[in-house]
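# Report on the structure
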Amino acid sequence: MKRERPRTKTEDNVVYIETSEETKKANDKKNQMTKSQKKAGYVVVLLIVIVGIVLVSFLFNKQYKGYSVVESNVTDYENTANYIEFCSGLLKYTPDGVSYIDNNGNTVWSAGVDMKQPVAVVSGKYVAIADLKGNAVGVFNDEGPVSNVTMPYTICDVDVANQGAFAVVLESEETNYINLYNKKGEIVYEIQTTINKSGYPLDISISDDGKKLFTSYLNIENSVAENSLAAYNFGDVGQNSNADRMVGGYKFKDDVIPKVEFVDNNTVVAFGTHKITVYAMKEKPTEKATIELKEEIRSIFYNEKYVGIVQNHTADDKHKYVIKVYDLNGNLKFDSYIDFDYNNIYAASKEIIISGGQNCTILRTNGSIKFEGTLAGEIMSVVPNSNNLEYVVVYDDLTETIKLKMRKNTEAVESEEEER
């Protein structure tokens, strides 16, 4: 039997094709199959997304209970020396010398100094060591000494930039000086202030590029304390502003600000006794955020993305200290608690490392605990290694590289899923 061909009809120059009943059924079945396949595809995609979210949440919130020792080296650290995190290791400095020790405990270089009260500040691959109440400043990088300068007056404070430029606060009988030098020790600019007019310098901070400076001064008049902040720009904007390159200033009668810090090249944080103020300073300073403080600050820490404080926990007797972390817009990211007496807080880009005695706690910047436990001895320093699960731990007679594990047993098989 012949299959009847579809008939056509014409209307307004448009041709309509009348399909057969069998063709309609076939098309309907095909459409139903396509819809079912699409629904199945949506379900698969949804399941993949859910699994991905769960996996990411696990990876960024899981807590490690133990560790294994990857490498160990005997190193005799002096109790009378000072140590500061520097590049991939530690900088050791004493009144007689300075040494760079890598993350394996090996001395990379050593240099002699002659200082009575050395202090060190680090920025990137550069460190400046100054003799407080003395006259000597030395600049070093990861390869060794860069410059050595004798100041004309007594040194009160020092700071260094990422590219080696440094600033010092000097004092004479009636005049204070803030001098800016390049890494070779050549003077770039000098600012003079009087104690009667500006007060006593509390702190200075220099920007990463070495072109901007922020200062805090305390002036006491008629038994009333007034804190002032001043911003300087040594680039074109500062040159066009006025003779002393000052591009902004603030005064506080109800707060003392002992610490100011460029957390990145264009952001300054002023840590006061009653509040923390964040300033944006691409060229001139503008107030960006204020964090009010109800309790006294015990410690501060910071990096280019956040600022943090440690305070005594007074709400109850369950915890000793509370840690609060804020973003640079002044928003509280999280708070956490520690119950041991700590000596060091290290603010890495993605985590905060707190150590004291044999105790160590590592917090992620999302507030979760990455590690909490005791290590093999009295901890001098803990810094992250290139591997996200490895850390360099410095004891008084030993340097170890450890790797975090999921189980408490340090001999356990390590987790297959390392954090990314």
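Our subject is the structure listed above.
Quick caveat: nothing in here was measured; it's all calculated off a predicted structure.

### Details of the overall build of the chain
- The secondary structure content of the chain amounts to three helices and 34 strands.
- Pairs at least 24 residues apart make up 39% of the contacts formed inside the chain by residues separated by at least 6 positions.
- When the accessible surface of the chain is totalled, it reaches about 23,100 Å², and 47% of it is carbon and sulfur.

### Some points on the environment of E390
- Position of E390 among the secondary structure elements: in strand β33 (residues 390-395).
- Along the sequence, E390 and I402 sit 12 residues apart, while their C-alpha atoms lie 5.5 Å from each other.
- The residues contacting E390, other than those within four sequence positions of it, are V70, P384, N385, T401, I402 and K403.

### A closer look at the pairing of strand β15 (residues 187-194)
- The pairing of strand β14 (residues 175-181) with β15 spans seven bridges and is classified as antiparallel. If you follow N176 over to β15, its bridge partner there is T193.

### Quick word on the sheet that holds strand β11 (residues 144-150)
- Across the sheet, which stays open at both edges, the four strands sit in the order β8-β9-β10-β11 with antiparallel pairing between neighbours. Both edges of this open sheet fall to β8 (118-123) and β11, since each of them pairs with a single strand only. Each strand axis lies, on average, 20° off the axis of its neighbour in the sheet, ignoring direction.
- Of the pairings in the sheet, the one linking β8 to strand β9 (residues 126-131) comprises six bridges and is antiparallel in character. Considered in β9, the bridge of V119 is made with A130.

### Considering the packing of aromatic side chains
- Enumeration according to the criterion identifies 11 aromatic pairs in this entry.
- Summarising the aromatic geometry, the rings of W109 and F140 are spaced 5.6 Å apart at their centres and angled 15° between planes, so their arrangement reads as stacked. Here W109 is found in strand β7 (residues 107-112), whereas its partner F140 is found in strand β10 (residues 136-141), with 31 residues between them in sequence.
- On the accessibility criterion, F140 (4% relative accessible area) is buried.
- Each ring, one from F214 and one from Y279, has its centre 5.6 Å from the other, and the planes form 40°; the classification is tilted. Placement of the pair is F214 in strand β17 (residues 212-221) and Y279 in strand β22 (residues 275-281), with a sequence separation of 65 residues. Each of the two residues, F214 as well as Y279, counts as buried.
- Each member of the aromatic cluster is reached from another via a ring pair, and the members are F86, Y100, W109 and F140.

### Focus on unusual backbone geometry
- The backbone of C87 sits at a positive phi, close to 50°, despite the residue not being glycine.
- Tracing the backbone through its elements, the reader meets C87 in the loop between β4 (82-86) and β5 (89-93).
- Even without a glycine there, the phi angle at K133 is positive, about 70°.
- Mapped onto the elements, K133 comes out in the loop between β9 and β10.
- K133 sits in the exposed class, given a relative accessible area of 53%.

### Looking at the sheet that holds strand β32 (residues 379-384)
- Read from one edge of the open sheet, four strands run β3-β34-β33-β32, paired in antiparallel fashion. Unpaired on one side and paired on the other, β3 (66-74) and β32 mark the two borders of the sheet. Looking at each pair of strands side by side, their axes are set apart by 25° on average, direction ignored.
- Bridge count between β32 and β33: five bridges; the pairing is antiparallel.

### Looking at the pattern of salt bridges
- In total, this model carries seven salt bridges according to the counting rule given.
- Across the salt bridge formed by D203 and K259, the nearest N and O atoms sit 3.9 Å from each other. On the criterion of sequence distance, the pair formed by D203 in strand β16 (residues 200-206) and K259 in strand β20 (residues 259-264) is long-range, its members being 56 residues apart.
- Residue E226 is joined to K251 by a salt bridge in which the shortest nitrogen-to-oxygen separation is 3.9 Å. Pair noted here: E226 is in strand β18 (residues 224-233) and K251 is in strand β19 (residues 246-252), with a separation of 25 residues, a long-range link.
- Given the relative accessible area of 21%, E226 is considered partly exposed.
- Connected via shared salt-bridge partners are D203, K259 and E261.

### Some points on the side chain of T193
- Summarising the element assignment, T193 is placed in strand β15.
- Here the side chain of T193 touches Y217 through a polar contact of 3.5 Å, side chain to side chain.
- Setting aside residues no more than four positions away along its own chain, T193 makes contact with E174, T175, N176, S198 and Y217.

Here is what the cut-offs are and how they apply
- Residues numbered from 1 in each chain as written.
- Predicted model: local features only at pLDDT ≥ 70, side-chain atom pairs only at ≥ 80, totals over all residues.
- Heavy atoms only, no water.
- Helix = DSSP H or I, 4+ residues; strand = E, 2+ residues; numbered from the N terminus.
- Contact = heavy atoms within 4.5 Å.
- Areas by Shrake-Rupley, 256 points an atom, 1.4 Å probe, with all protein chains shown as cover.
- Pairing = 2+ DSSP bridges.
- Axes fitted to C-alpha atoms, helices over the stretch in contact; angles between N-to-C directions.
- Phe/Tyr/Trp six-rings, centres within 6.5 Å; stacked < 30°, edge-to-face > 60°.
- Buried < 20%, exposed > 50% of the residue type's maximum accessible area, 1.4 Å probe, protein only.
- Salt bridge = Lys/Arg side-chain N within 4 Å of Asp/Glu carboxyl O.
- Polar contact = N/O pair within 3.5 Å; in protein donor to acceptor, adjacent residues only side chain to side chain.

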